[in-house]
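Next come the chains, spelled out residue by residue.
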Amino acid sequence: MTTADRWLLPDGMDEVLPPQASRMEELRRSLLDLYYRWGYDQVMPPPVEFLDSLLTGTGTDLDLQTFKLTDQLTGRLMGVSADVTPQVARMDAHSMRHQGPARLCYCTNVLRAKADQHQGGRSPVQVGVELFGHAGLEADLEILRLALLSLKAAGAVELHLALGHIGIYRSLVQAAELEPDQERALFEALELKSPGALAQQVEASVPDPALAEMFRALGRLHGGPEVLDSARDAFAGAPAAVAEALAQLKALHRGVAEEHPEVEFYFDLAELRGYQYHTGMMFAAFVPGYGQALAKGGRYDDTGRAFGRARPATGFSMDLKLLATLVQSEPACDGIWAPADGDGVAEAIASLRSAGHRVVQALPGQTTPPEAHRCSRRLVLVDGRWQTEALQA
């Protein structure tokens, strides 16, 4: 290994340096304060859990993202947290056991075995909220509003909100009584966004003409709010759950648009991200210039069933590192430069620091100027008293 190689970081891992680290901490505090004002209590999940608990109800996607190791005390397999949501669901179901709705928030490091187009880097700082215990539309609407407020607090402009509902596809699959391999092939065709592949799989798997046309329509139903009107006609003979899902999307659109008329809406009724665990509405929020969603979430009822307590649940998460790049700002140059020694200088420095000032005390022999340490003033002794004065320009 060469000397240069010793400083290399693994692919997808990054370090956060000044001033970005300060920006992240400022934003972290701002977001957690926002969630507190909305009634959300902060939790801190452990970085490692037993694997059978960590991956409950999440499907294979998270399994592939999870670093695994053996617990030397028990011999059981453990996993490093790659997504906080399942952990918070376990806390609600097993550790807290609230009888009514529970609002929880978090901000913590996670680690992923690989990066992908949806998750970004391998070491994000995941921040988000989860609302348990309420299955109504009001909970989903609260989550959407809070996600948009979070992005605005981070400095996002030109917000684009993509909405979908996993219940539409699930209901059509149940009505068609597809075999597992047929459903898997149809799922893959929809994920590819390929009309030809979708038509081929529908013809091979769905003999009912009406349902077959609904599956084909599903692949075309994406665009602005007018998509919901088109879907109402396309799914006129669909199971009642489809009409209910469309009504929910309409209500969510109306509720968000009233408070945030500047947000651009996009609907994709064939969006199947998180199919293994999402149970209702799903969303992702984008801003121009970023190739991935800055916030994503949705409804994932019954995740806590494996812990003995099924609960309705909805929430969203974001990467604090990514959010902190929305606003580029230079760190404030507002520090006070203090001499290395002097009669009473220690007391003067302590007094300034206790009052909230940034004070940088020179070290003996130091030659770097005060400006290099973000100082705009200096501490000087005048007539036997320590006081601050502006640095000479």
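Above this text sits the structure in question.
Predicted, not measured: the structure shown is a model, and the values here were computed from it. (Residues numbered from 1 in each chain as written. Predicted model: local features only at pLDDT ≥ 70, side-chain atom pairs only at ≥ 80, totals over all residues. Heavy atoms only, no water.)

A. Structural view of the environment of Lys-68. By the element assignment, Lys-68 lies in strand β3 (residues 68–70). Distance in space between the C-alpha atoms of Lys-68 and Ala-135 is 34 Å, their sequence separation being 67 residues. With residues up to four places along the chain from it excluded, the contact list for Lys-68 reads Leu-51, Asp-63, Leu-77, Met-78 and Gly-79. For Lys-68, the side chain forms a polar contact with the main-chain oxygen of Asp-63, separated by 2.8 Å. Only 3.1 Å separates the side chain of Lys-68 from the backbone oxygen of Thr-66, close enough to count as a polar contact. (Helix = DSSP H or I, 4+ residues; strand = E, 2+ residues; numbered from the N terminus. Contact = heavy atoms within 4.5 Å. Polar contact = N/O pair within 3.5 Å; in protein donor to acceptor, adjacent residues only side chain to side chain.)

B. The arrangement of the pattern of salt bridges in detail. Inspection of the entire model under this criterion finds 17 salt bridges. For the salt bridge of Asp-92 with Arg-311, the shortest nitrogen-to-oxygen distance reads 3.0 Å. On the criterion of sequence distance, the pair formed by Asp-92 in helix α4 (residues 85–96) and Arg-311 in the loop between β11 (295–299) and β12 (313–319) is long-range, its members being 219 residues apart. For Arg-311, a relative accessible area of 8% translates into the label buried. The salt bridge partner of Lys-193 is Asp-268, with a shortest N-O separation of 2.7 Å. On the criterion of sequence distance, the pair formed by Lys-193 in the loop between α7 (180–192) and α8 (195–205) and Asp-268 in strand β9 (residues 264–268) is long-range, its members being 75 residues apart. Classification of Asp-268 by relative accessible area gives buried; the value is 9%. Three or more residues are tied together by salt bridges with common partners; here these are Asp-140, Arg-299 and Asp-301. (Salt bridge = Lys/Arg side-chain N within 4 Å of Asp/Glu carboxyl O. Buried < 20%, exposed > 50% of the residue type's maximum accessible area, 1.4 Å probe, protein only.)

C. Representation of the packing of aromatic side chains. Applying the stated criterion across every chain yields a total of five aromatic pairs. Ring centres 6.5 Å apart and planes at 80 degrees place the aromatic pair Tyr-169 and Phe-215 in the edge-to-face group. Of this pair, Tyr-169 sits in helix α6 (residues 166–176) while Phe-215 sits in helix α9 (residues 209–220); the two residues are 46 residues apart in sequence, bridging distant segments of the chain. Tyr-169 gets classed as buried once you look at its relative accessible area, which sits at 0%. What links up through ring pairs into an aromatic cluster is the set Tyr-35, Phe-283 and Phe-316. (Phe/Tyr/Trp six-rings, centres within 6.5 Å; stacked < 30°, edge-to-face > 60°.)

D. How the structure looks around the state of the cysteines. In this structure the tally under the stated criterion is zero disulfides. Considering cysteine sulfurs only, Cys-107 is the nearest to Cys-105, which forms no disulfide, with 9.1 Å between them. (Disulfide = S-S within 2.5 Å.)

E. Fine view of the sheet that holds strand β13 (residues 335–338). Read across the sheet, four strands follow the order β14-β13-β15-β16 without closing on themselves; strand pairing throughout is mixed. Each edge of the sheet is formed by a strand with only one pairing partner; in this case those strands are β14 (359–361) and β16 (385–390). Averaged over all neighbouring strand pairs, the angle between strand axes comes to 35 degrees, with direction disregarded. Across three bridges, β13 lies against strand β15 (residues 375–382) in parallel orientation. In the sheet register, Gly-335 faces β15, and the bridge partner there is Cys-375. (Pairing = 2+ DSSP bridges. Axes fitted to C-alpha atoms, helices over the stretch in contact; angles between N-to-C directions.)

F. Geometry of the pairing of β9. In the sheet, strand β7 (residues 160–165) pairs with β9 via four bridges, with the strands oriented parallel. Paired with Leu-161 across the strands is Phe-265, a residue of β9.

G. Just the layout of surface pockets, in detail. When its volume is computed, the second largest pocket comes out at roughly 210 Å³. Taken together, 17 residues form the lining of the second largest pocket, with His-165, Glu-244, Gln-248, Thr-279 and Gly-280 sitting closest to its centre. At the level of elements, α5 (137–153), α6 and α11 (240–259) are the ones that each hand at least two residues to the lining of the second largest pocket. If one sorts the elements of the lining of the second largest pocket by residue count, α11 sits on top with four residues. Class assignment for the residues of the lining of the second largest pocket results in five nonpolar, seven polar and five charged. (1 Å grid on protein atoms, 1.4 Å probe; cavity = no way out; pocket = protein on both sides within 12 Å on 5 of 7 lines; lining within 4 Å. Points joined across faces, edges and corners; volume = space filled by probe spheres on them. Nonpolar A, V, L, I, M, F, W, Y, C, P; charged D, E, K, R; others polar.)

H. The arrangement of the packing of α6 against α11 in detail. Following both chains from N to C, one finds α6 and α11 inclined at 170 degrees, their axes separated by 9 Å at the closest point. Relative to α11, α6 is oriented roughly antiparallel. Of the residues in α11, those touching α6 at Ile-168, Ser-171 and Leu-172 are Ala-241, Val-242, Ala-245 and Leu-246. The residue inventory of the contact of α6 with α11, partitioned by class, reads six nonpolar, one polar and no charged. (Parallel < 35°, antiparallel > 145°, perpendicular 65-115°, else oblique.)

I. Focus on the nonpolar core. Grouped together as the largest cluster of nonpolar side chains are 79 residues, with contacts concentrated most on Tyr-35, Tyr-169, Phe-215, Phe-235, Leu-269 and Leu-323. Per-element tally for this core: the top contributor is α5, with eight residues. Contact partners of Tyr-169, with chain neighbours within four places excluded, come to Glu-183, Leu-186, Phe-187, Leu-190, Phe-215, Leu-218, Leu-272 and Tyr-275. With 12 residues, the next largest nonpolar core counts Met-91, Ala-102, Leu-104 and Val-110 among its residues. (Core = buried A, V, L, I, M, F, W, Y, C linked by side-chain atoms within 4.5 Å.)

J. The environment of Phe-316, seen in detail. Along the chain, Phe-316 falls in strand β12. As a C-alpha pair, Phe-316 and Leu-131 span 185 residues in sequence and 9.4 Å in three-dimensional space.

K. Inspection of α7 at higher detail. Taking 1.5 Å of rise per residue, 13 residues should cover 18 Å, and α7 covers 18 Å from first to last C-alpha, within 8% of that figure. Those residues of α7 not exposed but buried are Glu-183, Leu-186, Phe-187, Ala-189 and Leu-190. Down the axis of α7, the smallest arc covering the buried residues is 165 degrees, so these residues share one side. Facing away from the buried side of α7 by more than 90 degrees, the exposed set consists of Pro-180 and Leu-192. Looking at the buried residues of α7, the elements they touch are α6, α8 and α9. (Expected span 1.5 Å × (residues − 1). Arc of directions from axis to C-beta.)

Nothing here speaks to function; it is all geometry.
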